[in-house]
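# Geometric and topological summary
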Amino acid sequence: MPRIANDEKIIREMSNDTELSENVHKKLYPKFVKYKYSYNFSWLGVPIIQLPQDVMALQEIIWDVKPDLIIETGVAHGGSLIFHASLLRLLGGVRKVVGIDIDIREHNREIIVNHPLSSEIILVDGSSVADDTFEKVQDISKGFEKIMVILDSNHTHSHVLKELEMYSSLVDKGSYLVVMDTVIEDLDNDSFPQRSWGKGDNAKTAVWEFLKKNGRFEIDHFVENKLVMTACPDGFLRCIKDL
C-alpha cells in the first residue's frame with residue numbers, strides 16, 4: 001500500500017482516536033448494515049456491493065502491486081470483477097481476473113460476459129474450497145508472475161480458513177490476500193439474521209487462526225487505519241515471504 005508521507009502522522013493519530021472508532025463500529029456501521037448501504041453503488045454499470053472506502057483501498061493496492069492475475073471467490077452481481085478488470089486493463093499487458101462461485105446466476109453471467117471488459121474475466125463454476133475447483137484455478141494461474149487473491153464468498157470460519165489455506169499458496173511476495181467482511185466479528189449477531197456466520201464464527205476469526213500457523217503474511221493495519229470505516233478490519237494481508 002503506497003504511503004502518503006505528509007498524512008502518516010495524521011493517520012496514526014486518527015487510528016488512536018478511540019471515540020472515533022467506537023462511533024464508527026458501535027453506532028454507524030450497524031446502521032449501514034441495517035440499510036444495506038453497500039448495495040447503493042455500482043462500477044461501470046454493474047452493482048459492486050462494497051463500501052466505497054474499500055473500493056478505494058483496493059484500487060490503491062492494485063495500482064501499487066500491479067498483479068497480472070486477480071482471483072476472487074464470490075461473484076454476486078459481478079461488479080467487483082468488472083472493477084478489477086478495469087484496473088488491469090489500464091495497467092496493460094496480459095492480465096486476467098478469475099471469479100469463482102458455486103452459483104453464478106444466469107442474468108449475472110450474461111451481464112459479465114457481455115460487458116466491454118469481459119475479455120479480462122474468467123468465470124469458474126464451483127465451490128471455492130472444492131479440490132477440483134482449486135485445481136482449475138491452479139491451472140489458470142500458471143504463467144502469471146504476480147497474483148492477488150480476494151476472498152468474498154461464504155463468511156463462516158471453517159470456509160474462510162480453508163480458502164486461506166488453499167489460495168494463500170498462490171499469492172506472491174509483495175502482493176496481497178484480502179479477506180472481505182471480517183467486520184462481522186465486531187458487530188452483534190442480530191446484524192446478520194438467518195446467516196450461517198456471526199460473532200465468533202466468521203472471516204476475522206479465520207484470519208486470526210490462519211496467521212498463527214502461516215508466517216508468510218502480516219496484517220497491513222495502515223490500510224484500515226487510513227480508511228477508518230472498512231468491512232475488512234484485520235483483512236488486508238500482505239505477503240512478506242516467498243513460498
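Coordinates for the structure precede this section.
Now for a quick tour of the structure. As the structure is a computational prediction, the values presented were derived from the model and not from experiment. (Residues numbered from 1 in each chain as written. Predicted model: local features only at pLDDT ≥ 70, side-chain atom pairs only at ≥ 80, totals over all residues. Heavy atoms only, no water.)

## Some words on helix H2 (residues 18-34)
The end-to-end C-alpha distance of H2, which contains 17 residues, comes to 23 Å, matching closely the 24 Å that a straight helix rising 1.5 Å per residue would cover. In H2, a bend of some 40 degrees at Leu28 exceeds every other bend along the element, and Pro30, a proline, comes one to four places later. Of the residues making up H2, those classed as buried are Val24, His25, Tyr29 and Phe32. Its side-chain oxygen placed 3.2 Å from the backbone nitrogen of Glu19, Asp17 serves as the N-cap of H2. Looking at the residues trailing H2, positive phi occurs at Lys36, about 50 degrees. (Helix = DSSP H or I, 4+ residues; strand = E, 2+ residues; numbered from the N terminus. Expected span 1.5 Å × (residues − 1). Bend = angle between axes of the 7 residues up to and from the residue. Buried < 20%, exposed > 50% of the residue type's maximum accessible area, 1.4 Å probe, protein only. Polar contact = N/O pair within 3.5 Å; in protein donor to acceptor, adjacent residues only side chain to side chain.)

## Looking at helix H8 (residues 203-213)
Regarding H8, the residues found buried are Ala203, Lys204, Thr205, Ala206, Val207 and Phe210. Where the residues of H8 are buried, they touch helix H7 (157-167), strand E7 (176-179), strand E8 (217-219) and strand E9 (236-239). A distance of 2.9 Å separates the backbone nitrogen of Lys204 from a side-chain oxygen at the start of H8, and that oxygen is part of Asn202. (Contact = heavy atoms within 4.5 Å.)

## Describing the packing of aromatic side chains
Following the criterion strictly, the structure yields 5 aromatic pairs and no others. Taking 4.0 Å as the distance between ring centres and 25 degrees as the angle between the ring planes, the aromatic pair formed by Phe32 and Tyr37 counts as stacked. Judged by relative accessible area, which is 18%, Phe32 ranks as buried. Residue classification places Tyr37 among the partly exposed residues on the basis of a relative accessible area of 24%. Ring centres of Phe134 and Tyr167 lie 5.0 Å apart, and the angle between their planes is 85 degrees; on these two criteria the pair is classed as edge-to-face. In this pair, Phe134 is assigned in helix H6 (residues 131-141) and Tyr167 in helix H7, connecting sequence segments 33 residues apart. Comparing Phe134 with Tyr167, the two get one shared label, buried. Each member of the aromatic cluster is reached from another via a ring pair, and the members are Phe32, Tyr37 and Phe41. For Lys36, the ring lying beneath its charged end belongs to Tyr39, and the centroid distance is 5.7 Å. (Phe/Tyr/Trp six-rings, centres within 6.5 Å; stacked < 30°, edge-to-face > 60°. Lys NZ or Arg CZ within 6 Å of the ring centre and 35° of its normal.)

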